[in-house]
Amino acid sequence: MTIIAQRQVEPRYDAVAIDRKWQERWEKDRIYRVDDNDPRPKWFEMTMYPYPSGDLHIGHWYAMAPSDAHARFRRMQGYNVLHPIGFDAFGLPAENAAISRGIHPYEWTMSNVENMRRQLRSLGAIYDWDREVVCCLPEYYQWNQWFFIKLFEKGLAYRAKAPVVWCPSCQTVLANEQVLNGVCERCDTPITRRDFEQWFFRITDYADQLLDFDTLEDWPDKILTMQRNWIGRSDGVDIGFDISDYGIEEREIRTFTTRIDTIFGVTFIVLAPEHPLVPQLTSESRRAEVDAYIDQARAASEIDRLSADRDKTGVFIGAYARNRLNNEQVPIYVADYVLTTYGTGAVMGVPAHDARDFAFALKYRLPIRTVIAPIEWDGLAQTEAYVGVGFMTNSGAYDGMTNEEGSVAIAREVERRGWGRNTVTYRLRDWLISRQRYWGTPIPMVYCADCGVLPVPESDLPVLLPEDAEFRPTGESPLAINDSFVNTVCPNCGGPGRRETDTMDTFMDSSWYMLRYCTPQFSDGPYEPETTGEWMPVRQYTGGAEHAVMHLLYSRFFIKSLRDMGLLDIDEPFLRLYNQGVILGSDHEKMSKSRGNVVNPDDVVGQFGADAVRCFLMFIGPWDQGGPWSDEGINGIVRWLNRVWNLMEHDARELDAHPTDPVAVRDTQRILHQTIRKCYDDLDKFKFNTVIASLMELVNHLSHVWNAQSVDSATWNVSTEKFLLMLAPIAPHVSEELWEIKGHPYSIHQQPFPTWDEELAADEEITLVVQVNGRVRDRITVAAGIGAEDAQQLALESQRVQAHVDGKAVRNVVYVPGRLVNVVVG
RNA sequence: GCCGAAGUGGCGGAAUGGUAGACGCGCCGGUCUCAAAAACCGGUGGGAUAAUAUCCCGUGUCAGUUCGAGUCUGACCUUCGGCACCA
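The shown structure was predicted, so the numbers you read here are calculated from the model rather than taken from an experiment.

Let's talk about the side chain of arginine 437
Inference 1: Among the structural elements, arginine 437 can be located in the loop between β20 (434-435) and β21 (445-448).
Inference 2: One buried charge, arginine 437, has no salt-bridge partner; the nearest side chain with opposite charge is glutamate 95, at 5.0 Å.
Inference 3: Apart from the residues lying within four places of it in its own chain, the contact partners of arginine 437 are Leu92, Glu95, Val173, Leu174, Ala175, Gln178, Ser477, Pro478 and Thr503.

Quick word on the packing of helix α24 (residues 713-727) against helix α25 (residues 732-741)
Inference 1: Axis separation between α24 and α25 bottoms out at 9 Å; the angle between their running directions is 155 degrees. With respect to their mutual orientation, α24 and α25 come out roughly antiparallel. Remark: the crossing between α24 and α25 carries left-handed chirality. On the side of α24, the interface is formed by Glu721, Leu724, Leu725 and Leu727, while α25 contributes Ser735, Leu738 and Trp739.
Inference 2: Looking at side-chain class alone, the contact of α24 with α25 contains five nonpolar, one polar and one charged residues.

Structural notes on the sheet that holds strand β26 (residues 540-544)
Inference 1: Strand order in the open sheet formed by four strands is β2-β1-β26-β27, and the pairing between neighbours is parallel. Edge positions in the sheet fall to β2 (80-82) and β27 (577-580), since each of these pairs with one other strand and no more. Pairwise comparison of adjacent strand axes, ignoring direction, gives a mean angle of 20 degrees for this sheet.
Inference 2: Two strands pair when backbone bridges link them, and β26 and β27 are joined in this way by four bridges, in the parallel orientation. What sits directly across from glycine 544, in β27, is glutamine 580.
Inference 3: Against the sheet, helix α3 (residues 58-76) touches β1 (42-47), β2, β26 and β27, its axis set at about 175 degrees to β1.

Side note on the sheet that holds strand β31 (residues 775-783)
Inference 1: The strand order across the open sheet formed by four strands is β31-β30-β33-β32, and the pairing between neighbours is mixed. Two strands close off the open sheet at either side, each with one partner strand: β31 and β32 (810-816). Direction aside, neighbouring strands of the sheet carry axes that sit 20 degrees apart on average.
Inference 2: As defined by bridge partners, strand β30 (residues 765-772) adjoins β31 across eight bridges and the pair is classed as antiparallel. Pairing of glutamate 765 across the sheet is with alanine 783, part of β31.
Inference 3: On the sheet, helix α27 (residues 788-797) packs against β30, β31, β32 and β33 (820-825) and is oriented at approximately 125 degrees with respect to β32.

Rules used throughout
Residues numbered from 1 in each chain as written. Chains lettered and ligands numbered in written order. Predicted model: local features only at pLDDT ≥ 70, side-chain atom pairs only at ≥ 80, totals over all residues. Heavy atoms only, no water. Helix = DSSP H or I, 4+ residues; strand = E, 2+ residues; numbered from the N terminus. Buried < 20%, exposed > 50% of the residue type's maximum accessible area, 1.4 Å probe, protein only. Lys, Arg positive; Asp, Glu negative; His and termini not counted. Salt bridge = Lys/Arg side-chain N within 4 Å of Asp/Glu carboxyl O. Contact = heavy atoms within 4.5 Å. Axes fitted to C-alpha atoms, helices over the stretch in contact; angles between N-to-C directions. Parallel < 35°, antiparallel > 145°, perpendicular 65-115°, else oblique. Left-handed = near helix turned anticlockwise from the far one by under 90°. Nonpolar A, V, L, I, M, F, W, Y, C, P; charged D, E, K, R; others polar. Pairing = 2+ DSSP bridges.

Written out as C-alpha cells, the structure is:
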C-alpha cells in the first residue's frame, strides 16, 4: 500500500452493503423495466455500447455513469425512459485473443460479456436487462444478413476490387492497427497491398443528404464540422486531356479540378500509381522505373502519402497529354501524392497555383507559369504557389477577367465543347464492408458459375458462422478453407455454388442496434415497426468523439436507406448527441498497463461504493473534456457523502427547541430554490460538475444552519427532502437508503424531480460592483430592484470612488442592472 | 501533413462581455485527544505594506475591438483527439 492509500477517507456507512441491498431490491421489484405501453411520453436515451474486451475499465464508468444520471433525470422529469445496454461483440480482438490463447472467439467473447454484465450491474444504472443486445449471436446477426440483402436488392451493395494491407510472410490480410511503421507487427516483414474483390455500400449516393443536418436537434458543432470535412464536397470541373495519339481505347485522361480558372497554367499531368492508364501509357524505356515506383508507393500509407511535409516524389512515364485549351503537350507523371480514391485519380499540375504541384515542379524542374496575377503583381517569378484571387493572365481570350469570371467562362466553354463538365466530387468513399476474417457476420451471398452472384434466400437465413472454423492465420480467409461452409447450392439453378467467405465490418452491427433495443425479442424481423416507430429516433445519444465520422455517419446512412426502402419513417437515428471526454490516469496520461496508472473500477467501487465513484467521475470537470483520475480527489467526494449522511441522520425535532431566525429561514429557502434551478438547468446540459458543486454549497449551508439551530423543522425537512431528490440521479444507492431512513415511501427513483419557485429563488439584496475606468473600487449592497439613477448616485457618492475620481471630469457612467456601475473619468 | 479541440492558483476546475479563482483536493492554523487518525472551525493567487487599510500585478504569447476581455477578432506558441481494417 502506498502512503496515499493509507490517507484514504472511508465512507461512514457500509457502502458495499447498501449498493448490494438496493441493486437486489430494484432487480426484484423490476422498477427499471421499460414498458412500451406506459402512457408517459417516451424518451430513448442511449450510450454507445461497449466492446466486451474483458474487464470494465474506469473509462467505461466515465461513459456510463454520467449518462445514466442524465437518463435518470429525464425519468424524474416524467418521461418513460429507455436507456438500454448491449455488447458490440464481433471484432478483431476476439480473434487475436483466440490466436494467442487458443480459445474460441465465441467463448472468449461470451465469458467477457458475462463478466462485464456483472461489472455493469455494479453501476446501479437503470438498464433494462431484458433488452440487452449481443450482436455476435445469430438472433442478432441474421438481421445484418437480412439488411445486407435488402441493400443489395436496392442496388446499394456492390462488389469491386479494393486494396488490402497484406503481409507477404504471414500470407494474411492485416488491419491498419496491425501495421507498425510499415511492417507487420507479428513478423516485422514490410507490408504490401493486394487487390481483392470486396463488397461496398453506396454511402456516397447519400453524400448530400448526409451533409444536411437540419433535422438534428443538438449535435456538437465540432462533430458536424468533422462530418462535413469527411464528406468533403467539392464543386469543380471534370476535364479530359487528349491522349488519342497513343491508339489505346481511352482517348483522354479525365482529371478533376476545383480551379478550372488555372487551366492555362497546366505544365504536367499526374496520375495516381494505381491509375489504370499508367501501364498502357508508360513507354518501354521508362517501364522498369515506373513499375518500381508503383511498388514502393503502394506500400506507403495514405497518411504518409498525403503528408505535405514529405518530399514529393514521382516518375515521368514517357508520355504526353494535350491540353485542349491551348493545344500544349504536357508530360505525364505518376506520383504518390495523387490518390486513386479521390476524384478521378488524376490531376492537372498547375504549379503556380497549387502548393503540392509547386513543390513537385521545383523538384522535377517543370515550368511554373503564372496565370492568375495577384493584385499589384510585380511580374517576377513566384517563390511559392499563389492560391488567392487575381486577374487572368497568360490565358488567351480570358486575360483580364477576374479569376472568378474566368472560372465560370472556361467551365461554360469546356462544357460547350464536350471536353468536360461541371461536377461534384466527394472525399467520402463508399463503405467497404468486407473483412477477410472469421469473427463477424457472414456475408449472405452465393456465387454460381452459371447464375452469377445471388443473395441467400431469406428463408435460409441465418447463414451461421461455422463453429469449427480454423481462425488462425493460414494465408486464406478463415471461412474460405472450411469446405462444409463454402460449398452450397445455387439458390437459382440448384447447381453447385460457393458461399461468400468474407465477413462484415462490425460497424454494420452498430449501424442499427438502436432499432433492436426497441423490440429485442421480435423474431419476424429486425424490429417490430410500430413500437420501434414510437421510440425512434433516439432522443439523446452519448459516446466518445472518436466515432464522429465513421459509426455516426454509417448509422445515419443506414437509417436513411431504410427510410428509402419503406422500412422505417425517420430521417435520422440520433436527434441529440453529446460526446464525453477521456478519463486519464492521475499522472495526466492516458491509462495504460505499461504506465501503471490504470484504475480498476471493481477496486474503487469495493472501497468507496458505486455512488462515490459515480459522483467523483462527474465532479472531476466538464464531462466533454475528460480529466485525470485522482486518488486524493475522491476523498473530497467520500467526505461529502459522509457529511450528507450525518445531516440526514439529524432529528429535525431538535430544531424546534431553539428560536428560529427568520433571516436564516429565508436564506435557506432562497438557496434551496436557487440550487434546484441550477441543478435542473445543468443536468439538462450534462454539466454534472457544477451540479455537484451547487449541491455541495447547499450542504454547506445546511450544515451551518444546523450548527446554529437557526431554522424550524419544517424548513429543514423540506430542504433535506428536496436535496435527496436532487441527489438521486447522481447517487442512486445512498439517496435511496437515506430516503428510506427518513421515512419516505419507496422508491425515491419513482419520484418527480423537484421544481423551483422563481419568487423564492429571487435575491432581495444584491452586491453592486462599482468600477472607476473599469477597475473595481467598491462594492455596495443595494435592493435587488434598484433603478439606474439610484444606483449611479450611490456609486458616485462612494468614498472610494471619489478618491479615484479625484476631481476629474466624469465623462460617462455605465450601469448594468443588478451587476455594476462603471464610472468613466479622465 | 490535413481536420478538430483545449491552454485560468501547488492540483482538478468555476465564471449570460461586467466582483477572476465558485466547488473540491492539497497545504497552514485551531478545537477535540495521552498521542495520532477521523471529524469539526478558520485561512489559503503573487507582490508592496505594521495592517483582515490601501495599492500594483495576474487567465499560454503578441496585437486589436470595448466604458469594461478568461470570454470577442487576428497572428503565433504549446498540448491533446481523429485520419477510413481498433472499436
